[in-house]
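Overview (structure and organization)
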Amino acid sequence: MSESTGLDDLFSFEEEPPARPGRARGGRLRWLFRLILTAAGVTAVVLVGLRAVGLQLSIGIVVAGVLAVLTVRRVTAALAPPPPPRSGARTPAGEEPGAYNWAARDALRAAINGWERPLDWSSGNQERFTDRILPRLGELADERLRQRHGLTREADPARARALLGEPLWSFLETPSRRPPSPRDLAAIVAELEKI
């Protein structure tokens, strides 16, 4: 049997060994060497380009300008926000930004399209409305009746008629000669929500 571990052992803390000065210094020296090489190369290119177009500038001014540009580049790289997550990567849990991404494929958009397209397609055609939209509204009414009252229009028509109300019942059972206006359809949906 192994030794027992006490609470002091579990909560003990060993500090990390200090960083070796040679390693940090090697990184700084490497960075400084790279900076000098880059500055020298860019300075040479700028001077050759200026002389090619007939301009003369002091080497000190060009070196100072190149070092300033390199410094600004390093500072902006250090202050830049992290790159956006790759597409398909999981985003961390937390607060949602509050904006809906309409381009994304999800169940909400599929449900909206499931109603939006047929409604638009049948807006001027009674036959399409009767064939496509009216059965869906009837299914919604039956589902609401089943969930809230334990019945459907087919199982108990008298009670369903009383629960739906006469305007909604007649709309679902006897199709009109023309598709309802958006206002009438909104009133029908409001009646469905009241069930």
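Quick notes on the rules
- Residues numbered from 1 in each chain as written.
- Predicted model: local features only at pLDDT ≥ 70, side-chain atom pairs only at ≥ 80, totals over all residues.
- Heavy atoms only, no water.
- Helix = DSSP H or I, 4+ residues; strand = E, 2+ residues; numbered from the N terminus.
- Buried < 20%, exposed > 50% of the residue type's maximum accessible area, 1.4 Å probe, protein only.
- Contact = heavy atoms within 4.5 Å.
- Expected span 1.5 Å × (residues − 1).
- Arc of directions from axis to C-beta.
- Core = buried A, V, L, I, M, F, W, Y, C linked by side-chain atoms within 4.5 Å.
- Salt bridge = Lys/Arg side-chain N within 4 Å of Asp/Glu carboxyl O.
- Patch = residues over 30% accessible without salt bridge, like charges linked within 9 Å, V, L, I, M, F, W, Y side chains within 5 Å.
- Areas by Shrake-Rupley, 256 points an atom, 1.4 Å probe, with all protein chains shown as cover.
- Axes fitted to C-alpha atoms, helices over the stretch in contact; angles between N-to-C directions.
- Parallel < 35°, antiparallel > 145°, perpendicular 65-115°, else oblique.
- Left-handed = near helix turned anticlockwise from the far one by under 90°.
- Nonpolar A, V, L, I, M, F, W, Y, C, P; charged D, E, K, R; others polar.

1. Let's talk about the overall build of the protein chain
Counting its regular elements, the protein chain contains eight helices and zero strands. Every one of the 195 residues in the protein chain was classed for burial, and the buried ones make up 17%. Partitioning the intrachain contacts of the protein chain with sequence separation of at least 6 by distance along the chain shows that 45% fall at a separation of at least 24.

2. Some remarks on helix α8 (residues 182–194)
Relative to the 18 Å expected for 13 residues at 1.5 Å per residue, α8 spans 18 Å between its end C-alpha atoms, a close match to the ideal helical length. The complete set of buried residues in α8 reads Leu185, Ile188 and Leu192. All buried residues of α8 lie within an arc of 60 degrees about the axis, which places them on one face of the element. Across α8 from its buried face, at more than 90 degrees, point the exposed residues Arg183, Glu193 and Lys194.

3. Observations regarding the nonpolar core
Leu137, Leu164, Leu168, Phe171 and Leu172 are the most contacted members of the largest nonpolar core, which totals 17 residues. Those elements that provide at least two residues to this core are α5 (126–149), α6 (157–164), α7 (166–173) and α8. For this core, the element with the highest residue contribution is α5, accounting for six residues. Those residues in contact with Leu168, other than ones at most four positions away along the chain, are Ile188, Glu191, Leu192 and Ile195.

4. A word on α7
Because an α-helix packs 3.6 residues into every turn, residues spaced three or four apart end up facing the same way. Along α7, the positions that sit buried rather than exposed are Leu168, Trp169, Phe171 and Leu172. Considered in projection along α7, the buried side chains sweep an arc of 165 degrees and stay on one side of the axis. Residues of α7 that are buried sit in contact with α5, α6 and α8.

5. Remarks on the pattern of salt bridges
Taken as a whole, this structure holds five salt bridges when the rule is applied. With its nearest N and O atoms 3.0 Å apart, the salt bridge here joins Asp142 to Arg153. A residue pair is termed long-range when its members are at least 10 positions apart, and Asp142 in helix α5 and Arg153 in the loop between α5 and α6 qualify at eleven residues. The residues Asp142 and Arg153 share a single accessibility class, namely buried. A salt bridge links Glu173 to Arg153; the shortest N-O distance between them is 3.0 Å. Of this pair, Glu173 sits in helix α7 while Arg153 sits in the loop between α5 and α6; the two residues are 20 residues apart in sequence, bridging distant segments of the chain. A relative accessible area of 39% means that Glu173 is categorised as partly exposed. Connected via shared salt-bridge partners are Asp142, Arg153 and Glu173.

6. Considerations on a nonpolar patch on the surface
On the surface, a nonpolar cluster with roughly 390 Å² of combined accessible area is contributed by Leu29, Trp31, Leu32 and Ile36. Here Trp31 lies in helix α2 (residues 21–52).

7. Remarks on the environment of Ala160
Inspection of the secondary structure puts Ala160 in helix α6. Considering only alpha carbons, one finds Ala160 and Leu145, 15 residues apart in sequence, at a separation of 7.3 Å. If we skip the residues at most four places from it in the chain, Ala160 touches Leu145, Leu151, Thr152, Arg153 and Trp169.

8. Some points on the side chain of Thr43
Its location among the elements puts Thr43 in helix α2. In contact with Thr43, other than residues within four places in its own chain, are Val62, Val63 and Val66.

9. As for the packing of α5 against α8
The packing of two helices is summarised by the inter-axis angle and the distance between the axes. Put simply, α5 and α8 touch, their axes get as near as 9 Å, and they point 20 degrees apart. Relative to α8, the element α5 lies roughly parallel. The two elements α5 and α8 cross, and the hand of that crossing is left-handed. Residues Phe129, Leu137, Leu140, Ala141, Arg144 and Arg148 of α5 lie in contact with α8, whose contacting residues are Leu185, Leu192, Glu193 and Lys194. Classifying every residue of the contact of α5 with α8 by side-chain character gives six nonpolar, no polar and four charged.

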